[in-house]
Amino acid sequence: MSQSQLEPPFVPLAFERLAPEQMLARARAWREELAHRRSVRHFAPDPLPEGLLEECLLAAGSAPSGAHRQPWTFVVVRDAELKRRIRLAAEEEERKLYTERISDEWREALAPLGTDANKPFLEIAPALIVVFRRAHELEDGQKRTNYYTQESVGLACGFLLAALHHAGLASLTHTPSPMAFLSELLERPDNERPFLLIPVGYPAAGCEVPNLRRKVLNEITVWR
Ligand code: IYR
């Protein structure tokens, strides 16, 4: 029997209607929880609880995607030597970025973040999740297109950041540019493009973050 005969094409939606006051309470609690998520650049080397990343990665994999192609691969790097090689390669690119490639306008935009070409967190964080975007699939030597891969993988990364935060972990969305060295070091196939590098762990003791202001509702919404 083929799979299509075993699995029905449509199944009932699992959906529970909540009372309005419960909905409001949940929405507010979630909003307040997310308000405490920050990009962290100073990590403690402490190892992560067993099985925690697996749960967060499955949450990421529940994101919607174009034609449900799930065009993502998450490479979890914990090996110290591999992290060191990623750090060295990233810093080499970043040094060129900060000295040659960056525009004055960009430099000014980054100033409040206090970033520079040194990326010790790539070695110190217990895990680096390197997210790859699968531009297409290769099936029996044939190219099969994936759709809206940037949007899809961006959504999965958003789910992942929220899941990591909810689980009690700190993370950073890091985009060394260019990122081609990640394909090489992690031996990824041609159909995968590096998308985002997410160091994950606990914040270092005394960790500080930039004093940023988030836009308030009327700055980010238009109601008609
Ligand atoms: N990739 C560099 C520069 C950088 C760019 C942006 I846009 C940021 O929001 C932060 C940093 C770096 O990681 O330092």
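Residues numbered from 1 in each chain as written. Predicted model: local features only at pLDDT ≥ 70, side-chain atom pairs only at ≥ 80, totals over all residues. Heavy atoms only, no water.

Caption draft 1: Layout of the sheet that holds strand β6 (residues 192–201). The sheet built from 4 strands is open, its strands ordered β1-β2-β6-β5 with antiparallel pairing. Here the strands that pair on one side only, and so sit at the sheet edges, are β1 (72–77) and β5 (170–171). Pairing analysis gives 6 bridges linking β1 to strand β2 (residues 127–134), with the strands arranged antiparallel. Opposite Val76, over in β2, you have Ile129 as the bridge partner. Packing of helix α3 (residues 52–60) onto the sheet brings it into contact with β1, β2 and β6, and relative to β1 it is tilted by some 165°. (Pairing = 2+ DSSP bridges. Helix = DSSP H or I, 4+ residues; strand = E, 2+ residues; numbered from the N terminus. Contact = heavy atoms within 4.5 Å. Axes fitted to C-alpha atoms, helices over the stretch in contact; angles between N-to-C directions.)

Caption draft 2: A nonpolar patch on the surface, seen in detail. Taken together, the side chains of Leu217, Ile220 and Trp223 make up a nonpolar region of the molecular surface, amounting to roughly 410 Å² of accessible area. Checked against the element boundaries, Leu217 lands in helix α9 (residues 217–220). Take Leu217: its relative accessible area is 54%, and that puts it in the exposed class. (Patch = residues over 30% accessible without salt bridge, like charges linked within 9 Å, V, L, I, M, F, W, Y side chains within 5 Å. Areas by Shrake-Rupley, 256 points an atom, 1.4 Å probe, with all protein chains shown as cover. Salt bridge = Lys/Arg side-chain N within 4 Å of Asp/Glu carboxyl O. Buried < 20%, exposed > 50% of the residue type's maximum accessible area, 1.4 Å probe, protein only.)

Caption draft 3: Summary view of the site of the ligand. Every residue near the ligand is listed here: Arg41, Glu94, Leu97, Tyr98, Trp106, Leu110, Leu113, Thr115, Asp116, Lys119, His174 and Thr175. In this structure, an oxygen atom belonging to the ligand sits 2.5 Å away from a side-chain N or O atom of Tyr98. Contact with the protein chains hides 72% of the accessible area of the ligand, taken as 370 Å² for the molecule alone. Looking at the shell around the ligand, the elements with two or more residues in it are α4 (80–101) and α5 (104–110). Taken together, the residues of the shell around the ligand sort by class into 5 nonpolar, 3 polar and 4 charged. (Near = heavy atom within 4 Å. Polar contact = N/O pair within 3.5 Å; in protein donor to acceptor, adjacent residues only side chain to side chain. Nonpolar A, V, L, I, M, F, W, Y, C, P; charged D, E, K, R; others polar.)

Caption draft 4: View of unusual backbone geometry. In this structure, Pro178 follows Ser177 across a cis peptide bond, with omega equal to -5°. Mapping Pro178 onto the fold places it in the loop between β5 and α8 (180–185). For Asp140, which is not glycine, the phi dihedral falls at a positive 50°. Secondary-structure assignment places Asp140 in the loop between β3 (136–139) and β4 (142–145).

Caption draft 5: Layout of the pairing of β4. With 4 bridges connecting them, β3 and β4 associate as antiparallel partners. Within β4, the position partnered with Glu139 by the bridge is Gln142. The loop that links β3 with its antiparallel partner β4 comprises 2 residues; one of these, Asp140, has a positive phi angle of about 50°.

Caption draft 6: Layout of the state of the cysteines. For the structure shown, the criterion picks out 0 disulfides. Cys56 forms no disulfide, and the closest cysteine sulfur to it belongs to Cys157, at a distance of 13 Å. According to the relative accessible area criterion, Cys56 is buried, its value standing at 4%. (Disulfide = S-S within 2.5 Å.)

Caption draft 7: Molecular detail of the packing of aromatic side chains. With the rule as written, the count across this model stands at 0 aromatic pairs. One Lys or Arg, Arg188, reaches over the ring of Phe132 and ends 5.9 Å from the middle of that ring. (Phe/Tyr/Trp six-rings, centres within 6.5 Å; stacked < 30°, edge-to-face > 60°. Lys NZ or Arg CZ within 6 Å of the ring centre and 35° of its normal.)

Caption draft 8: Quick look at the packing of α3 against helix α7 (residues 149–166). The contact between α3 and α7 brings their axes to 7 Å, and the two run at 145°. Crossing hand, α3 versus α7: right-handed. Contact residues: Leu53, Cys56, Leu57, Ala59 and Ala60 in α3; Ala156, Phe159, Leu160, Ala163 and Leu164 in α7. Grouping the constituent residues of the contact of α3 with α7 by class yields 10 nonpolar, no polar and no charged. (Left-handed = near helix turned anticlockwise from the far one by under 90°.)

Caption draft 9: Fine view of the pattern of salt bridges. Summed over all chains, the structure comprises 11 salt bridges. Where Glu93 meets Arg101, a salt bridge forms, and the shortest distance between an N and an O atom there is 3.0 Å. Among the residues examined, Arg101 registers a relative accessible area of 39% and is labelled partly exposed. Through salt bridges that share partners, Arg134, Glu137, Arg188 and Glu192 make up one connected network.

Caption draft 10: The arrangement of the nonpolar core in detail. Counting residues in hydrophobic clusters, the biggest one holds 23 residues, and the most contacted among them are Leu53, Phe74, Ile129, Val131, Leu160, Leu164 and Ile198. Put simply, the parts of the chain that give this core at least two residues each are α3, β1, β2, α7 and β6. At 7 residues, the largest contribution of residues to this core is made by α7. Setting aside its immediate chain neighbours within four residues, Val131 contacts Thr73, Phe74, Val153, Cys157, Arg193, Pro194, Phe195, Leu196 and Ile198. (Core = buried A, V, L, I, M, F, W, Y, C linked by side-chain atoms within 4.5 Å.)

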